Amino acid sequence: MTRVIGLISGTSVDGIDAALVDVVGSQTDLKVQLVAGKTFPYPANLRSQILSVCSGSALSMAELAELDDAIAQEFATAALTIQAEYDRAELIGSHGQTVYHRPAGKAQKDSASGLMGYSLQLGRGALIAQLTGITTVSNFRVADIAAGGQGAPLVSIVDACLLAEPNISLCIQNLGGIGNVTYLPATGKGENKDESEIFNLGDGISGWDTGPANSLLDLAVQHFSGGTKTCDEGGAWAASGTPCQALVEDWLAQEFFRQAPPKSTGRELFGVDYFDRCLVEAEGYNLSPADVLATLTELTVASIVHSYQTFLSAMPDRVLLCGGGSHNLYLKRRLQSQLHPVQVLTTSEAGLSVDFKEAIAFAVLAAWRVRGIPGNLPQVTGARTSVLLGEINSCWHSWA
Ligand SMILES: Nc1ncnc2c1ncn2[C@@H]1O[C@H](COP(=O)(O)OP(=O)(O)OP(=O)(O)O)[C@@H](O)[C@H]1O
Ligand SMILES: CC(=O)N[C@H]1[C@@H]2OC[C@@H](O2)[C@@H](O)[C@@H]1O[C@H](C)C(=O)O
């Protein structure tokens, strides 16, 4: 058993999800026990700095260095706090804070960098290791990208190890700022799986980013509430409106939704500029704020359902939702309606916390990294090969 802390702040930039996890076994025999999970909100000024960088604001190298270390300090504090009342963790897996993600094949035309992707997560692991005294694995995406992959989604293999079912096929649908899916065919295997089966299992798995989940909704809520609200609690506001199907269909015709996997995205595409264009287009239909929220919710729903129908050979037997959007009851209801007769539940109902699944995944990936187990699924990320994910930042007093 290895006690690991998983840390991530996602594209919503709502705070650091920290999970203290006991990891047992390796892949097909993997088991995790969530000892403690907590979200540590960013201080308001740090959050607005991060959001402004994510929206493309220029930053000097000195400012970049300061931001990197300010984030690392918040991550280290989260790690120390989550384990304060428990036996100490041996390892930290820190995803960091994504501030820029350019998928492979999307280099700017005048760039000399070719078609390789680039993804930048701040909160350097070396500082987290020094501040906590715990060996820290960080920079999980770069090795996959260097191998020609998108660097995302990475959680798919952990989804497979923890959630695959012998007799039914599943889609594990994350509803964060951005949405992503892992498709898990029925394994056909009983309880006693041996190590080699992960490769059989890996064969039928697919996964990709589905597009915006909450990123545009959050921007809309902030806009219509004059900055007094950050999200549509429970989806109540959207539920009082009516989706404009014509707009949803227009938006769904865009390139990202038609592009076949492997694919990944971020706030660079589904961020402030995209939302501003949505608002302009919504004006043509005379929509109320509630109607705009309902329409953006419907875009999330339609993009997910359309991508399953287009990129899977058959619809799954069951969908398990996770991420903050699984608390949005209107979004969940619309997904249930559009996916009918597919059953829509949450990963919590399958024993894996909707709020801490990503943090748990990076704890597992860190444990795999130190044991030399590759963490990417090439058919998901598009990498040429499976690779070890993450850089190990040791700490001299780590094992004292
Ligand atoms: N009670 C709630 N009602 C409605 N929406 C909610 C609720 N709780 C969280 N959310 C939504 O979930 C979002 C955060 O989800 P989550 O923390 O899974 O995203 P993330 O991890 O930052 O993003 P990603 O998975 O893309 O990296 C919030 O921004 C909000 O829109
Ligand atoms: C670059 C980046 O941080 N991508 C995230 C983001 O958030 C959701 C979606 O976009 C996703 O695929 C990915 O995160 C998860 C944790 C992943 O890599 O599996």
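Here the structure is a predicted model, which is why all the values come from computation and not from measurement. Residue numbering note: each chain is counted from 1, following its sequence as written. As a convention, the first chain written is A and the first ligand written is 1, with the rest following in written order. In keeping with the predicted nature of the model, local features appear solely for residues at pLDDT of at least 70, side-chain atom pairs appear and are counted solely at 80 or more, and the whole-chain, interface and lining totals rest on all residues. With hydrogens and water set aside, each side-chain value is computed from the structure's full complement of heavy atoms.

Turning next to the overall build of the chain. Secondary structure follows DSSP: runs of H or I at least 4 residues long count as helices, runs of E at least 2 residues long count as strands, and numbering of each begins at the N terminus. A tally of regular secondary structure across the chain gives 15 helices and 12 strands. The globule rule is 2.2 Å times the number of residues to the power 0.38, and the radius of gyration it is compared with is taken over C-alpha atoms. Relative to the 2.2 N^0.38 estimate, which gives 21 Å for 400 residues, the radius of gyration of the chain is 20 Å and therefore close to what a compact globule would have. Principal-axis analysis of the C-alpha atoms gives the chain an extent of 65 × 55 × 45 Å. Scored against the burial criterion, the 400 residues of the chain give a buried share of 56%. Throughout, exposure labels follow a simple rule: accessible area from a 1.4 Å probe, protein chains only, divided by the maximum for the residue type, with under 20% read as buried, over 50% as exposed, and the rest as partly exposed.

Quick look at the packing of aromatic side chains now. Note on aromatic contacts: the rings of Phe and Tyr and the six-membered ring of Trp form a pair at centre separations within 6.5 Å, being stacked when their planes are under 30 degrees apart, edge-to-face when over 60 apart, and tilted otherwise. In total, this model carries 8 aromatic pairs according to the counting rule given. On the basis of an interplanar angle of 65° and a centroid distance of 4.9 Å, the ring pair of Phe-270 and Tyr-274 is categorised as edge-to-face. The same class applies to Phe-270 as to Tyr-274, namely buried. An aromatic cluster of at least three residues, connected via ring pairs, comprises Phe-256, Phe-257, Phe-270 and Tyr-274.

Counted residue by residue, strand β1 (residues 2–9) has 8 buried out of 8 residues, so it is predominantly covered. Residue alternation in β1 divides its side chains into two sets, Thr-2, Val-4, Gly-6 and Ile-8 and Arg-3, Ile-5, Leu-7 and Ser-9, and both sets are buried. Think of it this way: DSSP has to see at least two bridges between two strands before they count as a pair. Bridging between β1 and strand β2 (residues 16–24) involves 7 bridges; their strand directions are antiparallel. Paired with Arg-3 across the strands is Asp-22, a residue of β2. As consecutive antiparallel partners, β1 and β2 are separated by 6 residues, and within that stretch Val-13 has a phi angle of approximately 55°, a positive value. With 5 bridges joining them, β1 and strand β4 (residues 91–102) adopt parallel strand pairing. The partner of Gly-6 across the bridge, within β4, is Gly-93.

So, on to the sheet that holds strand β10 (residues 318–322). An order of β9-β8-β7-β10-β11 is seen for the 5 strands of this open sheet, with the pairing classed as mixed. Looking at the sheet topology across the chains shown, the edges are occupied by β9 (206–212) and β11 (343–346). Averaged over all pairs of adjacent strands, the angle between their axes in this sheet comes to 20°, without regard to strand direction. Bridging between strand β7 (residues 170–175) and strand β8 (residues 178–184) involves 6 bridges; their strand directions are antiparallel. Residue Gln-173 lies in a different strand from β8, and its bridge partner there is Val-181. Relative to the sheet, helix α5 (residues 156–163) contacts β7, β8, β9 and β10, its axis offset from that of β8 by approximately 50°. Contacts: residue pairs with any heavy atoms within 4.5 Å of one another. As a rule, the C-alpha atoms of each element are fitted with a line to give its axis, helices using only the stretch in contact, and angles between N-to-C directions run from 0 to 180 degrees. Taken strand by strand, helix α13 (residues 329–339) contacts β7, β10 and β11, and its axis lies near 150° from that of β11.

This part covers the site of ligand 2. Residues in close proximity to ligand 2 total 17 residues, the closest being Thr-98, Arg-141, Leu-154, Val-155 and Asp-209. The separation between an oxygen atom of ligand 2 and a polar main-chain atom of Val-155 is 2.9 Å. With respect to ligand 2, the side chain of Asn-180 contributes an N or O atom lying 3.0 Å from an oxygen atom. To measure how exposed things are, a 1.4 Å probe is used in the Shrake-Rupley method; for residues, cover is taken only from the protein chains shown. If ligand 2 stood free it would expose 440 Å²; the protein chains cover 97% of that surface. Here the shell around ligand 2 takes 3 residues from β4, the largest share from any one element. Gly counts as polar in this scheme, as do all residues outside two lists: the nonpolar Ala, Val, Leu, Ile, Met, Phe, Trp, Tyr, Cys and Pro, and the charged Asp, Glu, Lys and Arg. Per-class residue counts for the shell around ligand 2 are 6 nonpolar, 8 polar and 3 charged. By convention in this text, a residue qualifies as near a molecule or strand provided that one of its non-hydrogen atoms is within 4 Å of it. Here a polar contact is taken to be a pair of N or O atoms separated by no more than 3.5 Å, where protein atoms must pair a possible hydrogen donor with a possible acceptor and residues adjacent in sequence count only if both atoms sit in side chains.

Okay, the site of ligand 1 next. Neighbouring ligand 1 are 20 residues; Thr-11, Asp-218, Glu-233, Gly-234 and Gly-324 lie closest to it. A distance of 3.4 Å separates an oxygen atom of ligand 1 from a polar atom in the side chain of Asp-14. Its free accessible area being 650 Å², ligand 1 has 86% of it covered by the protein chains.

Turning our eyes to something else, we now look at the UniProt feature "binding site: ATP" (unreviewed entry) in the chain. UniProt positions are given in the numbering used here, feature names are shortened, and annotations may be inferred rather than shown by experiment. UniProt annotation of "binding site: ATP" (unreviewed entry) refers to Gly-10, Thr-11, Ser-12, Val-13, Asp-14, Gly-15, Ile-16 and Asp-17 when read in the numbering used here. Following the sequence through the fold, Ser-12 ends up in the loop between β1 and β2. Exposure remark for Ser-12: the relative accessible area of 15% places this residue in the buried category. Setting aside chain neighbours within four positions, we find Ser-12 in contact with Arg-47, Gly-176, Gly-177, Asp-218 and Arg-267. Within the element layout of this structure, Asp-14 appears in the loop between β1 and β2. Setting aside anything within four residues of it in sequence, one finds Asp-14 in contact with Pro-41, Tyr-42 and Arg-47.

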